[in-house]
Amino acid sequence: MSSDLITPEQYIDLIGQAVNKIQSVLPTDSAISKPRVLIICGSGLGGIASLLDKESLIELSYKNIPGFKTSTVPGHAGKLVFGLIGSNKVPVICMVGRLHYYEGYTFQQTTFPVRVSKKLGVENVIVTNAAGGVNPSFKPGDLMIINDHIDFPGLAGQHSLRGPNLETFGDRFQPLSDAYSHELRKKFFTKAKELGVTRNIYEGTYLFASGPTFESRAEVRMLRVIGADAVGMSTVPEVVVARHSGLNVLALSLITNSGNGEKPPSVFDENAKPLNENIASHAEVLQAADEASKDVTRIFEATINEL
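Treat the numbers as computed from the prediction; the structure is a model and nothing was measured.

Draft legend 1. A look at the overall build of the protein chain. What the protein chain contains, in helices and strands, is 8 helices and 9 strands. In the protein chain, which comprises 307 residues, the proportion classed as buried is 51%. Counting contacts in the protein chain only where the partners sit at least 6 residues apart, residues at least 24 apart contribute 83% of the total.

In structure tokens, the structure reads:
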């Protein structure tokens, strides 16, 4: 997996190849050929694709699309699913399994599907992720609508828009103070209330860390100090590129584990708990996602139905 950036001309050409391949498998006489929403499914949340009407559903593996890379993470199937959602038959693309920077891919590669979706006619992007709870009030199974973010790698120089600007998509200097649509966030909360969902739903700030390790105790304490409510290894690059492409964004974190910010037990304390307690794991992430998936899919179906 190369870390080299390709030229804007090569990148635009690759986007065109991907669009042509996708359009070649979509029936031109069906609404799914003109998708309005892209849904990026996070760890364990690929079940969102089950919302799609089975009669119109079309699947396409990443490996068969020019420019798409292979997803290597458990819980990420690595395919695009096209179909209709809700009574209003809203045409959508479900990205079942995302690509991550920690897998060895460049940000050009991990955000490539967002650029392709823009060219396919998508107007709204819904991004989901499994995240660790940094806010002490958050518990596994809670939902957090993202209303702001901290791009930790981006602030350190590894930004998803680094390199020559793609003028056909957006300006060189992209504002992000309005990254997360107030209208879409409000719609999500309204639909959750109408459906009688009792699961805790918060708003908060998501911090993007490159991963793949879970945070150390000292890092969790630091993240709390700088204003993070949840932390994860995705989402922000996709959001940044989506906004650069002129797309509206709704982003959801499913809190799957609580960040452990307690200081390590001292060797001088005979009653200290062992270090193997309260340790995060990917299995824990997938389990929490599975348990919350029904509520998440219900709210998204009602929300997307009005887009």
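Draft legend 2. Expanded view of the packing of aromatic side chains. Inspection of the entire model under this criterion finds 8 aromatic pairs. Relative to F208, the ring of F107 has its centre 6.3 Å away and its plane inclined at 65°; by these criteria the two rings are edge-to-face. Of the two residues, F107 is situated in helix α2 (residues 107-110) and F208 in strand β7 (residues 201-208); the sequence distance between them amounts to 101 residues. This pair shows no difference in class: F107 is buried, exactly as F208 is. Lying across the ring of F169, R115 places its NZ or CZ 4.6 Å from the centre. Here K119 stacks its cationic end above the ring of F169, 5.1 Å away from the centre of that ring.

Draft legend 3. Region of interest: the pairing of strand β6 (residues 143-151). For β6, the tally of buried residues reaches 7 of 9 residues, placing the bulk of the element in the interior. Sheet topology places β6 next to strand β9 (residues 248-258); 3 bridges connect them, and they run antiparallel. By the bridge assignment for β9, L143 is matched with L254.

Draft legend 4. Spatial organisation of the pattern of salt bridges. The full count for this structure, using the stated rule, is 9 salt bridges. Note that R185 and E203 form a salt bridge whose closest N and O atoms lie 2.5 Å from each other. With a gap of 18 residues between them, R185 in helix α5 (residues 182-194) and E203 in strand β7 connect regions that are remote in the sequence. When its relative accessible area of 36% is taken as the criterion, E203 is described as partly exposed. One salt-bridge network, held together by shared partners, links K187, K191, E194 and E306.

Draft legend 5. Highlighting the state of the cysteines. For the coordinates displayed, the defined rule picks out 0 disulfides. Of all cysteine sulfurs in the structure, the one in C94 sits closest to C41, which takes part in no disulfide; the separation is 4.5 Å. When its relative accessible area of 1% is taken as the criterion, C41 is described as buried. Exposure remark for C94: the relative accessible area of 0% places this residue in the buried category.

Draft legend 6. The nonpolar core, seen in detail. Counting residues in each nonpolar core, the largest one holds 48 residues, and the members touching the most others are I22, L80, F82 and V116. Apart from residues no more than four positions distant in its own chain, I22 is found in contact with L60, I65, L80, F82, V116 and L120. Of all hydrophobic cores here, the second largest spans 28 residues; its members include A49, I145, F188 and V197.

Draft legend 7. Seen up close, a nonpolar patch on the surface. On the surface, F152, M222, V225 and I226 cluster together into a nonpolar patch covering about 360 Å² of accessible area. Assignment of secondary structure puts F152 in helix α4 (residues 152-155).

Draft legend 8. Fine view of unusual backbone geometry. Note the cis peptide between G211 and P212, where omega equals 5°. Along the polypeptide, P212 turns up in the loop between β7 and α6 (217-225). For K89, which is not glycine, the phi dihedral falls at a positive 50°. Looking at the element boundaries, K89 is found in the loop between β3 (79-85) and β4 (90-96). Look at K89 and you get partly exposed, because its relative accessible area is 42%.

Draft legend 9. Structural detail: the UniProt feature "binding site: phosphate" (unreviewed entry) in the protein chain. The sites that carry the UniProt feature "binding site: phosphate" (unreviewed entry) are, in the present numbering, S43, H76, R98, L99, H100, A130 and S234. Its location among the elements puts R98 in the loop between β4 and α2. A relative accessible area of 1% places R98 in the buried class. Looking at R98, its side chain comes within polar contact range of the main-chain oxygen of T128, at 2.9 Å. Relative to the assigned elements, H100 resides in the loop between β4 and α2.

Draft legend 10. Inspection of the pairing of β3 at higher detail. For β3, the tally of buried residues reaches 6 of 7 residues, placing the bulk of the element in the interior. One ladder, built from 4 bridges, connects strand β2 (residues 58-61) with β3; its direction is antiparallel. Along β3, the bridge assignment pairs S61 with K79. In the sheet, β3 pairs with β4 via 7 bridges, with the strands oriented antiparallel. Looking at β4, one finds that L80 is bridged to M95. The hairpin formed by β3 and β4 contains 4 residues between the paired strands, and G86 there has a positive phi angle of roughly 80°.

Calculation notes
- Residues numbered from 1 in each chain as written.
- Predicted model: local features only at pLDDT ≥ 70, side-chain atom pairs only at ≥ 80, totals over all residues.
- Heavy atoms only, no water.
- Helix = DSSP H or I, 4+ residues; strand = E, 2+ residues; numbered from the N terminus.
- Buried < 20%, exposed > 50% of the residue type's maximum accessible area, 1.4 Å probe, protein only.
- Contact = heavy atoms within 4.5 Å.
- Phe/Tyr/Trp six-rings, centres within 6.5 Å; stacked < 30°, edge-to-face > 60°.
- Lys NZ or Arg CZ within 6 Å of the ring centre and 35° of its normal.
- Pairing = 2+ DSSP bridges.
- Salt bridge = Lys/Arg side-chain N within 4 Å of Asp/Glu carboxyl O.
- Disulfide = S-S within 2.5 Å.
- Core = buried A, V, L, I, M, F, W, Y, C linked by side-chain atoms within 4.5 Å.
- Patch = residues over 30% accessible without salt bridge, like charges linked within 9 Å, V, L, I, M, F, W, Y side chains within 5 Å.
- Areas by Shrake-Rupley, 256 points an atom, 1.4 Å probe, with all protein chains shown as cover.
- UniProt positions renumbered as here; feature names shortened; annotations may be inferred.
- Polar contact = N/O pair within 3.5 Å; in protein donor to acceptor, adjacent residues only side chain to side chain.

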